Amino acid sequence: MASWDEVQEALADYTVSCNTNERLRKMQRDWSRMLHFICSDTGDLFSMDVKAGEIISTPSGHVGVPDVVVTTDSETFCDMFWGDINPMPRYLRGEIQVRGSQEDIMRIDAISYVIWPDA
Amino acid sequence: MSLDDSAARTPSGPTQHHPHELRRSVGAVTATATSAGLAFAAINFIGVVSVATFALGSSAWLAIAIGGLISLVVSGVFSELNSMWPTAAGVRLYISNAFGVRFALIATFTYMSTVILVIAADAFLIGAAIQHLLHEPSALAYVWILLLLLIATVLNLRGIKIAGRVQSVVTYVVLASTTGLSIVALFKPGLPYPHPFAVFGNGALSGFQAIAFALFLFAAFEWVTTTAEEARKPQVITRALFIAPLLIWFAATVFSLALTHLVTLDAAHASAYPQLLLGSAALGRFGEIWMLGVTVLTAINTFNGGFLVASRFVYAAAREGNLPRAFARLNLRAVPWLAVIVLAVTSAVVGALVFATGEWLLLVAVGASLEAMVFAIASAALLKLRRTDDRVRGFRLRGAPVVAGFGLVLFAILALASGLSDPKNPKAFSPLPALVVLTLAAVSTAYVYLVVPRLHRAAAARRLAARASGEQTRRRPPRP
C-alpha cells in the first residue's frame, strides 16, 4: 500500500513527463478532460485536469464533473505514474477499472506508451 | 471498497460522498441504438434471403421469430457476464476467467475475424448496389468497394468518428425506413404466402439452418457490452441487450414478409441487393433509391463501429504483447494506424474474393456459424462462472443452469447446422462454411501457441537487455 505522499510524488513526476513530451503534447492537443482517480485500498481521491493535452493541475479530492474515473490500488497508481508498468495488461485483467469512453481509455494508455514505450 | 458504497475520504481528511457521474455518459436510448446499429448491417438483407431459402414457403417470419426468442437467451447470458465485468475487455475477461487466458485469446481472435467478414461483406454489398443502380459495368462494383474502404480508412486514420447521437439517429432512421418501405410493399398486390408455419418443411437440418441464419440477423448486438464503461448506469446495457433484439426482429420480420410478397425467391437469391429489388417492386425507381440510401446508411454504423472495435482490440492485444508491437504504433491523432490499415487491406482482400467468386451467401453461413459458436462459448462460460466465481452480480439470469445449458446445446447445434449448409441450395450439404470457421480457429490456435510465446520471450529479452545495459531501471525511488 503506497502512502499519499508516494502517490503525490509519482503524480508530480508523471505531470512533468507528460507536459515535457512534445510528441505526446501534439498527439493529445485535442484532448481536454477531467479525470478522477480512486485508490481502492486507501480510499485516497485525486483529480487531474487536462487541457489540450497539458496537465494543468492534480488536486487532491474530486474536482468538477469527471469525463473519466480510474480505480485501482495505490501501488498500481504509483507504478503507473512512474512508468514502471504497462497499464494495458492490468486493465485487460480487470485490475485497473475505468469508467469513460473507449477512446479516453485508449488515450490514457497511450500516454504511458508514448512516454515509456518499453515499460 | 467498491465504487458504489464508498464514502471516500480525501487525503486531507474529511469524508465526502461522490456519485462519480460522468460528464458524457450513455443512456438507454443511445445504448439500444448502438446495439441495434452494430447488428443491422447491409448483410442482414442477404441474411433474410438465406432464412427464406432454408425455411419452406413463406415461413421465414417464424424462423426470425424463433431466432429473436433465442437471441433473448444471449441477452440474459451477456447481461449477467457484463454485470460481473462491465468493461470493453469484457468478452476476454469472461472467457479467460472461465477457461483460461489462452482459450480466451483464441476465441477472441476468431471472434474478431467476424468483424472483418462483416466489413468486407458490407463493402461488397454496398458496392454492388451502387453499381446496379447506376447501371455500370459489374467490374466497377469492386472500384466502389475499394472507394468505400478507402473513405472509411482515411476517416479512421484522421480520428474522425461518428458521434454517438448521430449514430443513434442513423440506426433509428435505417430501422424505420426499412420498416416503412416494407409496410408500403405489403399493401401492394403480390405473391401469396404458402406454408407460413413450415420452418422445418425442407427437413430438420434445413429448419435448424434457417434458425441459425435468423439468429445471424441479431449477430453483434451483444457488442454493446464494450460500451459498458460509459453507461450511465449498469442497467443501461442490460436494457439495450433486451430491447435491441426486439427492434431488429420487427424490422427483419416486416422486411421478410414484404420481400416474399413482392419478389420471387429465385430473384432475391440470385441478387446481392434484394432490398433494392423490393424497393423497385414497391415504389419503382424511387423505392430503389430509397433502399440504396438505407444501405449506404448501414455502412456508416458498420464501418465506424467495426473499424473502431477491431482496431482498438488489435491495439490492446499489441500493448499486451500478444501481437507484434508495431500494431500499437499511434499516429499524431492517437489512432493505431497500422491496425487500421491492416484491417482495411484484409477487408479489401476478402471483398475481392467475394467479388471474384460471387459467394456472398457463404459469408452469411460463415458469420452465422461463428456467431453461434461465440454464443455457445459465452453460455458455457456463464455455467462455469456460476460454480467458480461468487462475485456480486448486478444482474442474475433466472434459471441460469437451465437457460445457459439450453443455450450451450442449441448454439452448438446451430453453429454446426450453419457450418454444414450449402448457402445456395437448402437441400444440399456443404462443409465449406465449417471449413472456413475451422481454418480461422486453427490459425488463431496456432498463433496463440506458436507465435505469442515467442513475442513474450522477445519482450522479456528486451527488458533484460535494457536492464543489463543500464538503459532502463525501475524509475520509482526505493522506499527508505
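Okay, so let's go over this structure. Note that the structure is predicted; figures quoted are calculated from it, not measured.

Rules of the game
- Residues numbered from 1 in each chain as written.
- Chains lettered and ligands numbered in written order.
- Predicted model: local features only at pLDDT ≥ 70, side-chain atom pairs only at ≥ 80, totals over all residues.
- Heavy atoms only, no water.
- Pairing = 2+ DSSP bridges.
- Helix = DSSP H or I, 4+ residues; strand = E, 2+ residues; numbered from the N terminus.
- Axes fitted to C-alpha atoms, helices over the stretch in contact; angles between N-to-C directions.
- Contact = heavy atoms within 4.5 Å.
- Buried < 20%, exposed > 50% of the residue type's maximum accessible area, 1.4 Å probe, protein only.
- Phe/Tyr/Trp six-rings, centres within 6.5 Å; stacked < 30°, edge-to-face > 60°.
- Salt bridge = Lys/Arg side-chain N within 4 Å of Asp/Glu carboxyl O.
- Buried area = accessible area lost by both parts, 1.4 Å probe.
- Polar contact = N/O pair within 3.5 Å; in protein donor to acceptor, adjacent residues only side chain to side chain.
- Nonpolar A, V, L, I, M, F, W, Y, C, P; charged D, E, K, R; others polar.

Some remarks on the sheet that holds strand β4 (residues 68-72) of chain A
Residues and elements named next belong to chain A.
Turning to step 1, where the next piece is worked out: Pairing is mixed in the open sheet, where 5 strands are placed in the order β3-β2-β1-β4-β5. Two strands bound the open sheet, and with one partner strand each, they are β3 (54-57) and β5 (97-99). Pairs of neighbouring strands in the sheet enclose a mean axial angle of 25°, with direction left out of account.
Turning to step 2, where the next piece is worked out: In this structure, strand β2 (residues 45-51) lies alongside β3, joined through 3 bridges in antiparallel fashion. Counterpart to aspartate 49 in the pairing with β3 is serine 57.
Turning to step 3, where the next piece is worked out: Contacts from helix α1 (residues 4-19) reach β2 and β3, with the element oriented near 10° to β2.

Concerning the pairing of strand β1 (residues 33-39) of chain A
All names here are of chain A.
Turning to step 1, where the next piece is worked out: A large share of β1 lies buried, amounting to 7 of its 7 residues.
Turning to step 2, where the next piece is worked out: Side chains Arg33, Leu35, Phe37 and Cys39 of β1 all project onto a buried face; the interleaved residues Met34, His36 and Ile38 project onto the opposite face, where all are buried too.
Turning to step 3, where the next piece is worked out: Pairing analysis gives 6 bridges linking β1 to β2, with the strands arranged antiparallel. Bridge assignment links phenylalanine 37 to a residue of β2, and that residue is phenylalanine 46.
Turning to step 4, where the next piece is worked out: If you look at the hairpin formed by β1 and β2, you'll find 5 residues sitting between the two strands, and glycine 43 has a positive phi there, around 80°.
Turning to step 5, where the next piece is worked out: Both β1 and β4 contribute to a ladder of 5 bridges, which runs parallel. Counted as the bridge partner of leucine 35 is valine 68 from β4.

Some remarks on the packing of aromatic side chains
Turning to step 1, where the next piece is worked out: In total, this model carries 28 aromatic pairs over all chains according to the counting rule given.
Turning to step 2, where the next piece is worked out: Centroid distance Trp4(A) to Phe46(A): 5.8 Å. Interplanar angle 50°. Geometry classified as tilted. In this pair, Trp4(A) sits in helix α1 while Phe46(A) sits in strand β2, placing the two residues 42 residues apart along the sequence. Accessibility assignment for this pair places Trp4(A) and Phe46(A) in one class, buried.
Turning to step 3, where the next piece is worked out: Judged by centre distance (5.7 Å) and plane angle (85°), the rings of Phe99(B) and Phe103(B) are edge-to-face.
Turning to step 4, where the next piece is worked out: Ring pairing ties together the aromatic residues Trp4(A), Tyr14(A), Phe37(A), Phe46(A), Phe77(A), Phe81(A) and Trp116(A), which thus form one cluster.

Observations regarding the pattern of salt bridges
Turning to step 1, where the next piece is worked out: Considering all chains together, one arrives at 19 salt bridges over all chains under this definition.
Turning to step 2, where the next piece is worked out: For Glu6(A), the salt bridge identified is with Arg476(B), shortest N-O distance 3.6 Å. Of this pair, Glu6(A) sits in helix α1 while Arg476(B) sits in the segment after α15 (432-468), each in a different chain.
Turning to step 3, where the next piece is worked out: Note that Glu95(A) and Arg93(A) form a salt bridge whose closest N and O atoms lie 2.9 Å from each other.
Turning to step 4, where the next piece is worked out: By sharing partners, the salt bridges in this structure join Glu6(A), Glu75(A), Asp79(A) and Arg476(B) into a single network.

Overview of the interface of chain B and chain A
The extent of an interface is frequently quoted as the accessible surface area lost upon association of the parts.
Turning to step 1, where the next piece is worked out: Facing the 47 residues of chain B at the interface are 61 residues of chain A.
Turning to step 2, where the next piece is worked out: Taken over both partners, the interface formed by chain B and chain A buries close to 4,700 Å², and the fraction arising from carbon and sulfur atoms is 50%.
Turning to step 3, where the next piece is worked out: Applying the counting rule to chain B against chain A returns 8 salt bridges.
Turning to step 4, where the next piece is worked out: Across the salt bridge formed by Arg475(B) and Asp13(A), the nearest N and O atoms sit 3.1 Å from each other.
Turning to step 5, where the next piece is worked out: Our count for the chain B to chain A interface comes out at 21 residue pairs in polar contact (both at pLDDT 80 or more).
Turning to step 6, where the next piece is worked out: Among the elements of the structure, α4 (90-99) and α11 (274-319) of chain B are those that each provide at least two residues to the side of chain B that touches chain A.
Turning to step 7, where the next piece is worked out: Here the side of chain B that touches chain A gets 4 residues from one element, more than from any other, and that element is α11(B).
Turning to step 8, where the next piece is worked out: Here the side of chain B that touches chain A is built from residues that sort into 17 nonpolar, 10 polar and 20 charged.

Re the pairing of β4(A)
All names here are of chain A.
Turning to step 1, where the next piece is worked out: In terms of burial, β4 is largely enclosed, as 5 of its 5 residues are buried.
Turning to step 2, where the next piece is worked out: What you see with β4 is no split at all: Val68, Val70 and Thr72 on one side and Val69 and Thr71 on the other are buried throughout.
Turning to step 3, where the next piece is worked out: Note: β4 against β5, 3 bridges, orientation antiparallel. Note on β5: the bridge partner recorded for valine 70 is valine 98.

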